[in-house]
Amino acid sequence: MKRVAFLMTFLFAIFILSCGNSVVSGSDDTDAQEQSDADDEIVDEMVDEMVDEVVDEVSDEDGSDTGFNPDDPGYSVVFTVSPLAFMGNDMGIAAGGISISAREDFGKEEDSFPAIDSCEFRAKVEHVKECLSSDDCAPEQVCEPDTNASGDPIANSDRCVTKNPALDVGPVTIAGFNSGPITFVFQGADKGYAQEGSGEAEIDMSLIAFNTEYTLVGEAETVDDLGRFEGTSYMPERFIITEPVTVAGTSFPFMVIKNKTAFSLKWTGTDGKTPVNITLTGENGSLVCQVNDDGEFTVSEADMMPLLLAADQDMVGMKIPSNQLEVQKISKGVVSGDGVTRGELETSVLFMTMVSPGEEG
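The rules behind each value
- The numbering scheme is per chain: residues are counted from 1 as the chain's sequence reads.
- Selection of residues for local features in this predicted model requires a pLDDT of at least 70, selection of side-chain atom pairs for listing and counting requires 80 or more, and totals for whole chains, interfaces and linings are taken over all residues.
- The side-chain numbers reported here are obtained from all heavy atoms of the structure, hydrogens and water having been left aside.
- What makes a nonpolar core is a set of buried Ala, Val, Leu, Ile, Met, Phe, Trp, Tyr and Cys residues whose side-chain atoms join them at distances within 4.5 Å.
- Classification of residues uses two cut-offs on accessible area relative to the type maximum, computed with a 1.4 Å probe and protein chains only: under 20% is buried, over 50% is exposed, and between them is partly exposed.
- The secondary structure listing takes helices from DSSP runs of H or I that are at least 4 residues long and strands from runs of E that are at least 2 residues long, numbered from the N terminus.
- Pairs of residues are marked as contacts when any of their non-hydrogen atoms sit within 4.5 Å.
- For Phe, Tyr and Trp, where Trp contributes only its six-membered ring, two rings pair if their centres lie within 6.5 Å, and the inter-plane angle classes them as stacked under 30 degrees, edge-to-face over 60, or tilted in between.
- Our working definition of a disulfide is a cysteine sulfur pair at a distance within 2.5 Å.
- One requirement defines pairing of two strands: DSSP has to find at least two bridges between them.
- What counts as an axis is a line fitted to C-alpha atoms, over the stretch in contact for a helix, and the angles between N-to-C directions run from 0 to 180 degrees.
- Patches in this entry comprise residues that are over 30% relatively accessible and not in a salt bridge; like charges within 9 Å are linked, as are nonpolar side chains (Val, Leu, Ile, Met, Phe, Trp, Tyr) within 5 Å.
- The protein chains shown are the only cover counted for residues, whose accessible areas, like all others here, come from Shrake-Rupley with a 1.4 Å probe.
- Salt bridges are identified by distance alone: a Lys or Arg side-chain nitrogen within 4 Å of an Asp or Glu carboxyl oxygen.
- Under the counting rule used here, the positive set is Lys and Arg, the negative set is Asp and Glu, and His together with the chain ends is not counted.
- For charged residues, the charge sits on one atom: NZ in Lys, CZ in Arg, CG in Asp, CD in Glu.
- Confidence per residue, as judged by the predictor, is encoded in pLDDT with a range of 0 to 100.

**Q** Sorry, what's going on with the nonpolar core here?
**A** In summary, soluble globular proteins display a tendency toward joint burial of nonpolar side chains. Counting residues in hydrophobic clusters, the biggest one holds 53 residues, and the most contacted among them are Phe-79 and Phe-229. No other element matches the five residues that strand S21 (residues 340-356) contributes to this core. Non-local contacts of Phe-79, meaning those with residues more than four positions away in its chain, are made with Ala-95, Gly-96, Gly-97, Ile-98, Val-172, Ile-174, Phe-184, Tyr-193, Leu-216, Glu-344, Leu-345 and Glu-346.

**Q** Even after reading the chapter, I still don't get the packing of aromatic side chains, so can you show me in this structure?
**A** Any pair of aromatic rings gets described here by the distance separating the centres and the angle formed by the planes. Inspection of the entire model under this criterion finds five aromatic pairs. Ring centres of Phe-68 and Phe-106 lie 5.5 Å apart, and the angle between their planes is 50°; on these two criteria the pair is classed as tilted. Residue Phe-68 is found in the loop between helix H2 (29-55) and strand S1 (75-86), and its partner Phe-106 is found in the loop between strand S2 (89-100) and strand S3 (118-123); the two are separated by 38 residues along the sequence. The buried category is assigned to Phe-68, whose relative accessible area is 13%. We classify Phe-106 as buried; its relative accessible area is 10%. Site record: aromatic cluster; members linked through ring pairs are Phe-79, Phe-186 and Tyr-193.

**Q** What's the story with the state of the cysteines in this structure? I'm lost.
**A** Two cysteines joined by a covalent bond between their sulfur atoms form a disulfide. The full count for this structure, using the stated rule, is three disulfides. Between the sulfur of Cys-119 and that of Cys-289 lies a disulfide, 2.1 Å long from S to S. Between Cys-119 and Cys-289 the disulfide shows an S-S torsion of about 105°. By sign, it is right-handed. Note that Cys-119 is positioned in strand S3 and Cys-289 in strand S16 (residues 285-291), a separation of 170 residues in sequence.

**Q** Can you help me understand the sheet that holds strand S14 (residues 263-268) in this one?
**A** Note on sheets: strands pair through backbone hydrogen bonds, and any given pair is parallel or antiparallel. Overall, antiparallel pairing links the three strands, which are arranged S12-S14-S17 in an open sheet. The outermost strands of the open sheet, each flanked by one partner alone, are strand S12 (240-243) and strand S17 (296-299). Strand-to-strand twist across the sheet, computed as the mean angle between neighbouring axes with direction ignored, equals 30°.

**Q** What is the right way to look at a negative patch on the surface in this model?
**A** Together, Asp-71, Asp-72, Asp-224, Asp-225 and Asp-338 give the surface a local cluster of negative charge. For Asp-338, the position within the fold is in the loop between strand S20 (323-337) and S21.

**Q** Would you mind showing me how to read the pattern of salt bridges here?
**A** Opposite charge on two side chains permits pairing when their charged atoms draw close. For the coordinates displayed, the defined rule picks out 14 salt bridges. The partner of Arg-238 in a salt bridge is Asp-90, and the shortest N-O contact between them spans 2.9 Å. In this pair, Arg-238 sits in the loop between strand S11 (228-235) and S12 while Asp-90 sits in strand S2, placing the two residues 148 residues apart along the sequence. Taking relative accessible area as the criterion, Arg-238 reaches 33% and is therefore assigned partly exposed. A salt bridge links Arg-228 to Glu-219, with the nearest nitrogen and oxygen atoms 3.9 Å apart. On the basis of relative accessibility, which here comes to 40%, the residue Glu-219 falls in the partly exposed class.

**Q** Would you take a moment to explain the environment of Cys-137 for this structure?
**A** As for its placement among the helices and strands, Cys-137 is situated in the loop between S3 and strand S4 (141-144). Not counting chain neighbours up to four residues away, the residues in contact with Cys-137 comprise Cys-131, Val-142, Cys-143 and Cys-160.

**Q** Help me out: how do you make sense of the confidence of the model for the protein in this one?
**A** Regions with low pLDDT should not have their predicted coordinates read in detail. Averaged over all residues, the pLDDT of the protein is 83; the fraction at 70 or higher stands at 78%. Helix H1 (residues 8-22) is the least confidently modelled element of the protein, averaging 41 in pLDDT, while strand S6 (residues 172-175) averages 98, the highest of any element. Of the regions scoring below 50 in pLDDT, residues 1-27 engages in 90 contacts with residues more than four places distant in sequence or in other chains. In the predicted structure, residues 55-65 sits below a pLDDT of 50 and forms 34 contacts with residues beyond four places in sequence or in another chain.

Have a look at this one:
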């Protein structure tokens, strides 16, 4: 299953494209309002993409010899509670999806990280077609490409996917929030489950409690072969990145990290329980690290050498950083119950910002 938090790379592309359309040159009230409206639209797009991924997750595997039973696939229950510090803005996501389990959701490898306190470079992978037509897929699957942030097909990304619709099985309750248990209800096939009364996957940050356990409980009311299901997941302590220092850009904040040069990452808000995952993405791939949550880690010059950080882009007369840094603490709990063949409650804390290699990059 694609972890929802790793969707941030996709959301980053949306942000870049949107910023190019939302920069204003004036300083009057009309321009300020236009900028505010554009920023709101960006957030809405990010939330929509997050929900799409929760409701309709797909992967590379065909599910053969992995426990998937096409005659009795069971149900997939996937929810996430994810506070995000995203390009200088704080936002919370709490959403989920329930559907008949799909073949491609079984038997694949989870996203992996290197050993604790180490890094590895991962070269950019080009898309390769995994199917030419639906004849290459299982009977319940179709062959189709992935799409980009604009909804356009990505070249050579064709793969076998199952078109199982999102289901409404009745309310789901998640406890652990500062306000007490919150009920989530079905919002439609394109939105999945969201907080009752809000209709949106975005949730007020003040509701999210940290360094605590969240518990999910549901009782299917509309599906006969899905009964009670439940799961728990630990929400890590919230952290704040203190180094490298964030620079206040013209439209959004960014950091400066030099090419092929060691840098120290420092943060506050440690819990000592959850590893910190660091991903610095550049032009030719990503540097991926996993470190202890002790507040500091130095990425060595040797680790930085293979990574090429792209120069800033010229966009509507502005310099826009092209690289990104993600820092994340993630926890995943299993959701189980009668009829559930794939279930997960993910609680993660994510920081993300743009990165410039600086004038000497």
